[in-house]
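# Tertiary structure, described
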Amino acid sequence: MKTVFKTMCLLFLACAITNCKGKNKQTNTIEEAPATPRPMAVTENAIRITTRSMEFQSVDTISSGWNTFIYDNLSNEAHFFLLDKYPEGKTIKNTLTEVTPVFEEGMNLINIGKSEEGFEAFGKLPVWYSDIVFSGGSGLISPKLTAVSALHLDPGYYVMECYVKMPNGKFHTLMGMAKPLIVTNRNSGNEPPKASVNIILSGEEGISWDEPITKGKHTFSVFVKDQKPHENFLWHDINIAQLDTQANIEDLEKWMDWSHPEGLITPVPNGVTFLGGVNDMPAGSTGYFTVDLEPGKYVFISEVPNTKEKGLLKVFEITD
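Residues numbered from 1 in each chain as written. Predicted model: local features only at pLDDT ≥ 70, side-chain atom pairs only at ≥ 80, totals over all residues. Heavy atoms only, no water.

It is worth spelling out the overall build of the protein chain at this point. On a plain count of helices and strands, the protein chain comes out with five helices and 17 strands. A separation threshold of at least 6 residues defines the contact pool for the protein chain, and within that pool the share at least 24 residues apart is 74%. Accessible surface computed for the protein chain: about 13,700 Å², of which carbon and sulfur atoms make up 51%. (Helix = DSSP H or I, 4+ residues; strand = E, 2+ residues; numbered from the N terminus. Contact = heavy atoms within 4.5 Å. Areas by Shrake-Rupley, 256 points an atom, 1.4 Å probe, with all protein chains shown as cover.)

In structure tokens form, the structure reads like this:
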């Protein structure tokens, strides 16, 4: 078991340190000059993504550089989107034939109590999987809500995915939530949004921010100071959720770990409403998310095990 963990961690570590910039040669890129840089507004030049059930409805091609993504979750389940930058020559067809079956086999074993055999199954992932660069996306967003994120993307071939789990334990990826996205050489010309609160995300130091969080609309910048694979092989990200009186922090912390049979599975824990955030990004990256906050209790939390002891779970309150 330790050997499997070590092997998988090395795969993810390789992914974290691999520089894929300029590797992906696309046949449908646009070689036009970049537009004049302009401030990026949430409602202008935005990429709209919609989920009504188990799908991503969106454009197939976007410009590189800074882009705002508005993700409308019109379904009845929590979702997110994560953008995976693929190595040259690999496409979603490789995902469906070489990656998806491995995760399905491993998760099926975990769900029936055979965790050791399940994690051993993940050792069947193809070598090229370690060359995928997780390039950001939205945090978790609850049903009938909208997540707003801003990301900087290099040209290449990406797959947009959501691996939240159905009540039967199957990943949403297996149900149709995997969509190719081409990012062209043509730069969007956008500049990053202006942040009202700056967050530092670190696997070593946890989550910290520089300004008091007050009620109203905020754009948070998220700087990934360092990155590493955690015990469930994932990098640390940041999600924001509102907590009502029924919310239990211990239940939420356990739920955020996909490798647990009850982790990331529909429904979300009682009393928790996810509002977005920024998904996995390499060290040194910065992403943004925008939320409108009312008075109440909130939490920042990463999608990894043992978030509280790692400083990757931070509760805060907003008053009038």
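Anyway, onward from the coordinates.
Read from one edge of the open sheet, four strands run β14-β13-β16-β17, paired in antiparallel fashion. Edge strands, defined here as strands with exactly one partner in the open sheet, are β14 (272–278) and β17 (313–318). Strand after strand, the sheet turns through a mean of 25 degrees between neighbouring axes, direction not considered. Relative to β17, strand β16 (residues 296–301) is paired through six bridges, and the arrangement is antiparallel. Bridge pairing links G296 to I318 in β17. (Pairing = 2+ DSSP bridges. Axes fitted to C-alpha atoms, helices over the stretch in contact; angles between N-to-C directions.)

Turning to unusual backbone geometry, a few remarks are in order. Of note, the amide linkage connecting T266 to P267 takes the cis form, showing an omega dihedral of 5 degrees. For K144, which is not glycine, the phi torsion reads 65 degrees and is therefore positive. Position of K144 among the secondary structure elements: in the loop between β5 (133–137) and β6 (145–153). Phi angles above zero are rare outside glycine, and N306 is one such case at about 55 degrees. Relative to the helices and strands, N306 resides in the loop between β16 and α5 (307–310).

Here we take up the confidence of the model for the protein chain. Here the protein chain shows a mean pLDDT of 88. Residues at 70 or above account for 86%. Every residue in residues 1–43 scores below 50 in pLDDT, and together they form 83 contacts with partners more than four places removed in sequence or on other chains. (pLDDT = per-residue confidence, 0-100.)

For the structure shown, the criterion picks out 24 aromatic pairs. Ring centres of F69 and F81 lie 5.5 Å apart, and the angle between their planes is 50 degrees; this geometry places the pair in the tilted category. Of this pair, F69 sits in strand β3 (residues 61–73) while F81 is found in the loop between β3 and β4 (82–85), placing the two residues twelve residues apart along the sequence. In this structure, F69 and F81 share a single accessibility class: buried. The interplanar angle of 75 degrees and the centroid separation of 4.8 Å between the aromatic rings of F80 and Y163 together place this pair among those described as edge-to-face. Here F80, found in the loop between β3 and β4, pairs with Y163, found in the loop between β7 (156–161) and β8 (178–187); they are 83 residues apart in sequence, far enough to count as distant. Grouping residues by exposure puts F80 and Y163 together as buried. A network of ring pairs unites the aromatic residues F103, F119, F122, Y129, F171, F233 and W258 as a single cluster. (Phe/Tyr/Trp six-rings, centres within 6.5 Å; stacked < 30°, edge-to-face > 60°. Buried < 20%, exposed > 50% of the residue type's maximum accessible area, 1.4 Å probe, protein only.)

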